[in-house]
Amino acid sequence: MGSGWVNYNTIFRTMSIVMLVNLPFVIFQLAFPNVYDSVFPEGNHKALFYSSSGDGYVRVSGIFWHPGTMATMCALTIGLIVTKKHYNLSLSLQEKIILTISVVQILFTLSRGEIGALLFSLFMVKFLIRRDFITSFVYFIIPSIMVFISLLVFNEFFEMMIVELGLSSTATELAPRAQLLITSLEILKDFFPLGSGLGTYGGQSSIVFDSAVYWKYGFSDFWWYEEGFYLKDTFWPKVLGESGFAGALSLFVFIISIIKITKNNAILYLDHSSCFAFFALFIVTGKQIGRASCRERVSSPV
């Protein structure tokens with residue numbers, strides 16, 4: 001049974017400490033963003049997420065180097081606690097407090113990829129493992145209504161997003177991560193079936209050794225390539241570009257196999273650890289889906 005998971009208490013205590021230590025830094029960053037920036041000048045939390053008017057939002061990162069890293073930690077903490085609740089195990093007051101703190105903190109990161117992955121992962125747990133189809137339907141309907149309302153309220157925001165993703169005929173320049181993804185699909189086709197090779201696209205090695213792939217696909221024309229932005233900030237484009245169809249297919253089969261194993265254990269043996277592993281797998285592999293749909297600055301900030 002899930003309550004017998006030996007490592008749960010240890011993992012929960014560790015995550016709780018991280019969330020509690022992180023909280024005052026988040027409050028400090030929200031209250032005094034300029035002071036925070038001067039104390040942590042090397043952090044990658046500076047606003048690269050913009051409103052339709054061009055104003056930068058404060059994306060909190062607390063003790064973490066990047067808001068996305070903090071959001072992933074928050075999402076895993078939320079999943080650890082919520083998956084326990086799925087087995088009708090009562091939550092202690094401490095668990096409820098940590099759950100609330102984690103939810104609040106992830107919202108302030110403005111990390112749409114991690115937040116989207118969190119909602120999708122919770123939906124998959126509810127739908128595939130608990131097989132609570134009614135609740136799963138509600139989980140699907142509520143976010144859909146929220147997205148619809150957001151489309152009405154932030155119409156200009158979403159119009160610009162559609163343009164930047166190349167889904168509009170008026171698009172002149174894609175958002176950086178969208179460009180990386182679309183180029184990876186071109187590499188997938190041009191270097192079929194093994195891709196351009198390890199260390200050639202989307203990673204540290206490709207930057208250090210100035211990979212010819214970037215020059216082949218005209219990245220030198222993009223200001224963010226010259227500044228070194230976003231090049232290591234994607235997962236699936238790296239997989240698709242470097243390992244090609246064969247590598248991507250192998251990884252996909254591996255992920256599906258792990259999902260199947262953890263799903264079966266979570267259902268047949270009421271194993272909380274397997275349920276959490278199932279959840280975490282969707283968080284880690286799925287959070288990159290929303291990366292390209294951010295409101296990024298496409299022109300040079302200089």
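So, how was this worked out
- Residues numbered from 1 in each chain as written.
- Predicted model: local features only at pLDDT ≥ 70, side-chain atom pairs only at ≥ 80, totals over all residues.
- Heavy atoms only, no water.
- Helix = DSSP H or I, 4+ residues; strand = E, 2+ residues; numbered from the N terminus.
- Contact = heavy atoms within 4.5 Å.
- Patch = residues over 30% accessible without salt bridge, like charges linked within 9 Å, V, L, I, M, F, W, Y side chains within 5 Å.
- Areas by Shrake-Rupley, 256 points an atom, 1.4 Å probe, with all protein chains shown as cover.
- Salt bridge = Lys/Arg side-chain N within 4 Å of Asp/Glu carboxyl O.
- Phe/Tyr/Trp six-rings, centres within 6.5 Å; stacked < 30°, edge-to-face > 60°.
- Lys NZ or Arg CZ within 6 Å of the ring centre and 35° of its normal.
- Core = buried A, V, L, I, M, F, W, Y, C linked by side-chain atoms within 4.5 Å.
- Buried < 20%, exposed > 50% of the residue type's maximum accessible area, 1.4 Å probe, protein only.

(A) Up close: the overall build of the protein. Helix and strand counts for the protein stand at 13 helices and zero strands. Taken from the N to the C terminus, the helices and strands of the protein come in the order α-α-α-α-α-α-α-α-α-α-α-α-α. Nonlocal contacts in the protein, meaning residues at least 24 apart in sequence, comprise 69% of its contacts between residues at least 6 apart.

(B) View of a nonpolar patch on the surface. Together, Ile17, Val21, Phe25, Phe32, Val35, Val39, Phe40 and Ile63 make up a nonpolar patch on the protein surface, roughly 670 Å² of accessible area in all. If one sorts the elements of the nonpolar patch by residue count, helix 1 (residues 8-31) sits on top with three residues. With respect to the helices, strands and loops of the structure, phenylalanine 40 is situated in the loop between helix 2 (33-39) and helix 3 (67-85).

(C) Broad picture of the packing of aromatic side chains. Under the defined criterion, the tally for this structure stands at 19 aromatic pairs. Ring pairs connect the aromatic residues Tyr201, Tyr214, Trp215, Phe219, Phe222, Trp224 and Tyr225, which therefore count as one cluster. Over the ring of tyrosine 217 we find lysine 216; its NZ or CZ atom is 5.5 Å from the centre of that ring.

(D) Structural detail: the nonpolar core. With 39 residues, the main nonpolar core has Ile106, Leu118, Phe279 and Ile283 as its most contacted residues. At the level of secondary structure, the elements contributing two or more residues to this core comprise helix 1, helix 3, helix 4 (93-109), helix 5 (112-129), helix 12 (236-268) and helix 13 (272-286). The greatest single-element share of this core, amounting to 10 residues, is contributed by helix 3. Not counting chain neighbours up to four residues away, the residues in contact with isoleucine 106 comprise Ala71, Cys74, Ala75, Ile78, Ile115 and Leu118. Membership of the second largest hydrophobic core comes to 13 residues, among which are Tyr201, Phe219, Trp223 and Tyr225.

Worth remembering: the numbers are spatial, not functional.
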